[in-house]
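Chain and residue survey
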Amino acid sequence: MTHTPIDVDRARLETRGCGGLIHFNHAGSSLMPAAVADHLIGWQREEEFRGGYETANRRRHELENFYDASARLLNCHRDEIAFVENATRAWDMAFYALDLGPGDRILTAACEYGSNMIAYLHRAKRTGCVVDIVPDDAHGQLDVAALEAMIDDRVKLISISHIPTGGGLVNPAEAVGAVARRHGIPYLLDACQSVGQMPVDVKAIGCDFLSATGRKYLRGPRGTGLLYVRRDWITRLDPPLLDQHAATLLSETEYEIRDDARRFENWECHFAGKAALGTAIDYALGWGLEAIEARVTEIAERLRARLSEIPGITIQDQGQRRCGIVTFTKDGEAAADIKARLAPIGINVTASAGSGSRVGFGRRGLESVVRASVHYLNTTDEIDRFVTEIAA
Ligand SMILES: *Cc1c(COP(=O)(O)O)cnc(C)c1O
């Protein structure tokens, strides 16, 4: 596919935060572009002087833009999008709306996100449904053939993470979608780490529900997330929580639920964040997701190559297709110690351990990894400096 390559100098000029530090934590929370931060702060300043309701009324079109931008980003309709305070709650609103009874099976992958695993186990405890983990293939990603072989008429949901929080692989989401379609099984995709760093097209993937967050690769504000629900599912899902935005009280005894995806929203929300997330999405679309992915892949592969030249460093990323998340371990130095050593010199990474990646790390015998997550605005100079510090 042809695209205009990212103008990294411009991307950096438009990011006030990137001058003074090496930010390799875009999978945790990225740096907002100036346009996004200004939108967010400007909105809040206006709330301070005009009042929150008045600001929202006056700037309603900026709130509505969030739906149009999200629809362009994911290749869906604006009515299929809900604004939610984070990706976990967005995901919950779909997951907890699905009917699951005793013996019903949920199929997921070993690298599933910790909060999602907790929700599966929570419902298993409450309803008697069963969580089955599809094995990984030789590349360490979800084994699509094994998934297909596990399907029977008790499987009521296929639910996976597109990119695990603690590893650089991209799961074969489209192949999983083809299996889900073939067997008529609902498919929930946690796309928290993929949306914003690569094209994510809900029609091409074939998912019924998708969740994403604002603050990671989309470079939006914290406390923002979105949910996509495919049109023919919206009115079939009874949201686990309702308020007078999601529904209308008709009488003393009746209410009516909205018939668009906003039935999964809250009335009160982060208005400034919602408007600014729309701007962040437009900003990403302005670069183009193909161009972003090409640049992210190039810079991440370079980082992996340079790190693997250092004695004692092991790259821990698996998968056939890799992304901007680079994970590694170092002999004799714990991930948390590396993170703590880098922070005071202005290098941001995370140490991934524990609950977030429990099943996958447990199966791989991994305790923790350093997660250095890069984005299109990171440079080869930053990689050189980073690698020098890691080797020290
Ligand atoms: C970060 C993350 C989440 C949670 O997103 P929030 O916006 O913090 O709720 C879910 N899934 C994956 C794979 C993530 O990396």
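Residues numbered from 1 in each chain as written. Predicted model: local features only at pLDDT ≥ 70, side-chain atom pairs only at ≥ 80, totals over all residues. Heavy atoms only, no water.

Position of His245 among the secondary structure elements: in the loop between helix H10 (231-234) and strand S9 (247-249). For the pair His245 and Glu265, spaced 20 residues apart in sequence, the C-alpha to C-alpha distance is 7.4 Å. For His245, the residues in contact, after removing those within four places along its chain, are Arg258, Arg262, Glu265, Asn266 and Trp267. (Helix = DSSP H or I, 4+ residues; strand = E, 2+ residues; numbered from the N terminus. Contact = heavy atoms within 4.5 Å.)

The next thing to look at is the domain arrangement of the chain. Looking at the chain, the domain boundaries give domain 1 (8-24 + 288-391) and domain 2 (38-286). Summarising the inter-unit geometry, the C-alpha centres of domain 1 and domain 2 are found 26 Å apart. Every contact between the two is made by 36 residues of domain 1 and, on the other side, 32 residues of domain 2. Where domain 1 abuts domain 2, roughly 2,700 Å² becomes buried across the two surfaces, and 51% of that area is made up of carbon and sulfur atoms. Taken together, the links from domain 1 to domain 2 amount to one salt bridge. In this structure, the salt-bridge partner of Asp38 is Arg16, at a minimum N-O distance of 2.8 Å. For the pair domain 1 and domain 2, the interface holds 19 residue pairs in polar contact (both at pLDDT 80 or more). Contributions of two or more residues to the side of domain 1 that touches domain 2 are made by helix H12 (289-308), strand S12 (325-330), helix H14 (358-364) and strand S15 (368-373). Per-element accounting of the side of domain 1 that touches domain 2 gives the leading share, six residues, to H12. Grouping the constituent residues of the side of domain 1 that touches domain 2 by class yields twelve nonpolar, 14 polar and ten charged. (Domains from an automatic or database assignment. Buried area = accessible area lost by both parts, 1.4 Å probe. Salt bridge = Lys/Arg side-chain N within 4 Å of Asp/Glu carboxyl O. Polar contact = N/O pair within 3.5 Å; in protein donor to acceptor, adjacent residues only side chain to side chain. Nonpolar A, V, L, I, M, F, W, Y, C, P; charged D, E, K, R; others polar.)

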